[in-house]
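Spelled out, the chains give:
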Amino acid sequence: MLRFETAGESHGECLVATLTGLPAGVPVSLDAINRQLWRRQQGYGRGGRMKIEADTAEIVAGVRHSKTIGSPVAIIIRNRDWKNWTEALPVEDADGAEDKRKRVTRPRPGHADLAGMLKYNFDDARYVLERASARETAARVAVGALAKLFLAEFGIEVLSHVIQVGSAKLERAASWQELVELSRKDEVLLGCVDAEAEARMKAVVDEAYRTGDTVGGVFEVIAHNVPPGLGSHISWDTRLDGRLAQAIVSMQAVKGVEIGLAEEGSASFGSKVQDTIHYDRDERRFTRGANRAGGLEGGITNGQDIVVRGFLKPISTLRRPLESVDLTTREPALAAYERSDVAVVPAAGVIGEAMVALVLAQAMMEKFGGDSLPETERNFGTYLEQVRNY
Ligand SMILES: Cc1cc2nc3c(=O)[nH]c(=O)nc-3n(C[C@H](O)[C@H](O)[C@H](O)COP(=O)(O)O)c2cc1C
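As the structure is a prediction and not an experimental result, all values here were calculated from the model.

Some details on helix 3 (residues 113-120)
Buried within helix 3 are the following residues: Asp-113, Gly-116 and Met-117. The arc enclosing the buried residues of helix 3, seen along the axis, measures out at 100 degrees, which places them on a common side. Facing away from the buried side of helix 3, by more than 90 degrees, are the exposed residues Ala-115, Leu-118 and Lys-119. Buried residues along helix 3 sit in contact with helix 4 (126-132). Positive backbone phi, approximately 60 degrees, marks Asn-121, located one or two places after helix 3.

Below you can see the structure in the form of structure tokens.
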């Protein structure tokens, strides 16, 4: 079973991630991981933190001579900002350390502050927000990059783009080629394939900057060249649609998920929603009239592109803070403000790619197994042969 875990606080020494269950022999390149980390840090609307951090991965276990060796892969990403926090967040308590804490006692509506303080019985939201922070997603992106490298060996690719920022929407479909070109860019504005729509999105972020507000949006992740037959209809927890939904909603600030054209479909008639089935005799394969289902039927991949959308709420730390309560005095107070992002939709798309890649890599290993990459490839090849000869 492929599984990953992350550890690390936003202003701690480093983030740590482990990924267990990849077969031996998967080619690993640090450049490929660092490119994904770089992509996560981009986008118009990010706060000052992204100027401090330039994330790079250090692999400390599980990879030798540029290939996985079957044992857990462990990755460290150091926090450059740590040097400014050594006294505020020391591992070992010391005399006088109490005075150097950077306490947060005015919880931000929408953040984990208040719920976490109540749950863990803290009088300071610092310990909560340090872990709730989306800084953790750098670790997800690093292991997601490994999942992408594994999937690439089978021709499967996962990319994303931004389809909405606030009320500004991309009003047309994007082609796979446009997503590929977008992912290769070395300058990222709002991660939209259409310059006109991106300019409208930027205007929304500018308005949020002007007014001390924040803004959310929608990203779309597409997995290309996925074989039919991953996931299963047989149980609630084997359905791949459910597993993808959990992976996407587990992301900080994501409050909704859509597979295929779910929202539009729920307002339409069935005849306009289901993807008709056809058979191409020359190619000896099934084709579909459209891909409104987003590549999944019955929780099983059907061979079409997987299309998953994540709906982000606006960031909860506002420069013009909302009403809250000071938990030491219990008096009304404005919520705490700490350097923060204003809009993060392109970055969320990159994190969404990582989550989708991890779920797909897990489903691939469940179906094809294998302790070495050639063994997994053999099993995959035999299955594709079966599908081709069906
Ligand atoms: C890429 C990314 C960056 C984020 N940056 C911030 C930020 O700078 N400030 C903030 O208050 N929330 C930020 N968030 C959202 C919070 O982490 C999130 O709202 C918080 O942990 C509470 O969780 P919930 O919104 O999922 O309920 C970010 C989310 C993502 C995906």
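Thoughts on the sheet that holds strand 6 (residues 73-78)
The pairing of strands in a sheet comes from backbone hydrogen bonds and takes either a parallel or an antiparallel form. The four strands are arranged 1-2-6-3 in an open sheet whose pairing can be described as antiparallel. Taken across any chain shown, the strands that pair with only one partner, and hence form the sheet edges, are strand 1 (3-7) and strand 3 (57-61). Pairs of neighbouring strands in the sheet enclose a mean axial angle of 20 degrees, with direction left out of account. Looking at chain direction, strand 3 and strand 6 are connected through four bridges and run antiparallel. Residue pairing across strands places Ile-59 opposite Ile-75, the latter belonging to strand 6. In the packing of helix 1 (residues 30-40) onto the sheet, contacts are made with strand 3 and strand 6, and the angle to strand 3 comes to roughly 135 degrees.

Cut-off values and rules
- Residues numbered from 1 in each chain as written.
- Predicted model: local features only at pLDDT ≥ 70, side-chain atom pairs only at ≥ 80, totals over all residues.
- Heavy atoms only, no water.
- Buried < 20%, exposed > 50% of the residue type's maximum accessible area, 1.4 Å probe, protein only.
- Helix = DSSP H or I, 4+ residues; strand = E, 2+ residues; numbered from the N terminus.
- Arc of directions from axis to C-beta.
- Contact = heavy atoms within 4.5 Å.
- Pairing = 2+ DSSP bridges.
- Axes fitted to C-alpha atoms, helices over the stretch in contact; angles between N-to-C directions.

Purely geometric numbers; function is a separate question.
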